[in-house]
2 protein chains.
Amino acid sequence: MSAGTGLARTPEPPYYAVIFTSLRNRSDPEGYAAMAQRMLDLGSRYDGFLGIESVRGADGVGITVSYWRDEAAILAWRSDPAHRQAQRGGHETWYDRFEMRVARVERAYGFARDGDR
Amino acid sequence: MSAGTGLARTPEPPYYAVIFTSLRNRSDPEGYAAMAQRMLDLGSRYDGFLGIESVRGADGVGITVSYWRDEAAILAWRSDPAHRQAQRGGHETWYDRFEMRVARVERAYGFARDGDR
């Protein structure tokens, strides 16, 4: 996913997190950027989507965490036809390695210097 | 945390993830870098530590996910005196905002182009 998501404002736990950690290769940067933006646009309109945080470093390692109301919302988004096509592109072209972990958020704590979380 | 952690090699779920998302300000880069490296060194020696993934983008947003065997290991590391001092520095100096979420990883899936996860 592209940078610039900022920090997500999520409700009180429990909810779910999909932690997607990846190592990009150098192939097809334009195609990848277009796909990442499209997935951000599409996924965030799914019922049960709560927020997303995404960062990629100069070394090609990226972490994207998306937050969801429940497992059913995650499974619905996973089966989206455009998302499945993007998953195939990840295997075939864009990623040298990735790990996807689905986790249930049990507690959370936040801080904001200006008091506005 | 500094970049360069790569992707963590974690065991089969269940285990725990601490998702720490932060917005750095521009103050004290040397002190922050030294603290981040020290926390990486100290935390990874704790019993129950399974791995860490950390990325910070050019916009100051960073995501660090550390993986732990169980909640007890997370609580032990949280109470470490040097870690508590670092937490104070985060509030007082280094971060404009952060969110910390503790989650139970329930399932995971990985991919490596060369087959070596």
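Residues numbered from 1 in each chain as written. Chains lettered and ligands numbered in written order. Predicted model: local features only at pLDDT ≥ 70, side-chain atom pairs only at ≥ 80, totals over all residues.

Caption draft 1: Here's a closer look at the sheet that holds strand S2 (residues 49-56) of chain B. Strand order in the open sheet formed by 8 strands is S2(A)-S3(A)-S1(A)-S4(A)-S4(B)-S1(B)-S3(B)-S2(B), with antiparallel pairing between adjacent strands. What marks the edges here is a single partner per strand, and that holds for strand S2 (49-56) of chain A together with S2 of chain B. For this sheet, the mean angle separating the axes of adjacent strands, direction not counted, is 25°. The pairing of strand S1 (residues 15-24) of chain A with strand S3 (residues 61-68) of chain A spans 8 bridges and is antiparallel. Bridging across to S3 of chain A, Ile19 of chain A finds its partner in Val65 of chain A. Against the sheet, helix H2 (residues 71-78) of chain B makes contact with strand S1 (15-24), S2, strand S3 (61-68) and strand S4 (95-112) of chain B, and its axis sits at roughly 40° relative to S1 of chain B, the strand it touches most. (Pairing = 2+ DSSP bridges. Helix = DSSP H or I, 4+ residues; strand = E, 2+ residues; numbered from the N terminus. Axes fitted to C-alpha atoms, helices over the stretch in contact; angles between N-to-C directions. Contact = placed C-beta atoms within 7 Å.)

Caption draft 2: Looking closely at the interface of chain B and chain A. Listed per partner, the contact involves 37 residues of chain B and 37 residues of chain A. For the side of chain B that touches chain A, the elements supplying multiple residues, two or more each, are S1, S2, S3 and S4 of chain B. For the side of chain B that touches chain A, the leading source of residues is S4 of chain B, giving 18 residues. In terms of residue class, the side of chain B that touches chain A is built from 19 nonpolar, 7 polar and 11 charged. Sheet topology note: the strand S4 (residues 95-112) of chain A/S4 of chain B ladder contains 15 bridges and is antiparallel. Across the sheet, the residue bridging to Ala108 of chain A is Arg101 of chain B, located in S4 of chain B. (Nonpolar A, V, L, I, M, F, W, Y, C, P; charged D, E, K, R; others polar.)

Caption draft 3: Spotlight on the pairing of S3 of chain B. Residue and element names in this part refer to chain B. Among the 8 residues of S3, 8 are classified as buried, and the element is accordingly described as predominantly covered. In S3, alternate side chains face the same way, and those of Val61, Ile63, Val65 and Tyr67 on one face and Gly62, Thr64, Ser66 and Trp68 on the other are all buried. Relative to S3, S2 runs antiparallel, the two being bridged by 7 bridges. Looking across to S3, one finds that Ile52 is bridged to Ser66. Where S2 folds back onto S3 in an antiparallel hairpin, the turn is made up of 4 residues, including Gly60, whose phi is positive at roughly 90°. (Buried ≥ 20, exposed ≤ 12 C-beta atoms within 10 Å, placed from the backbone.)

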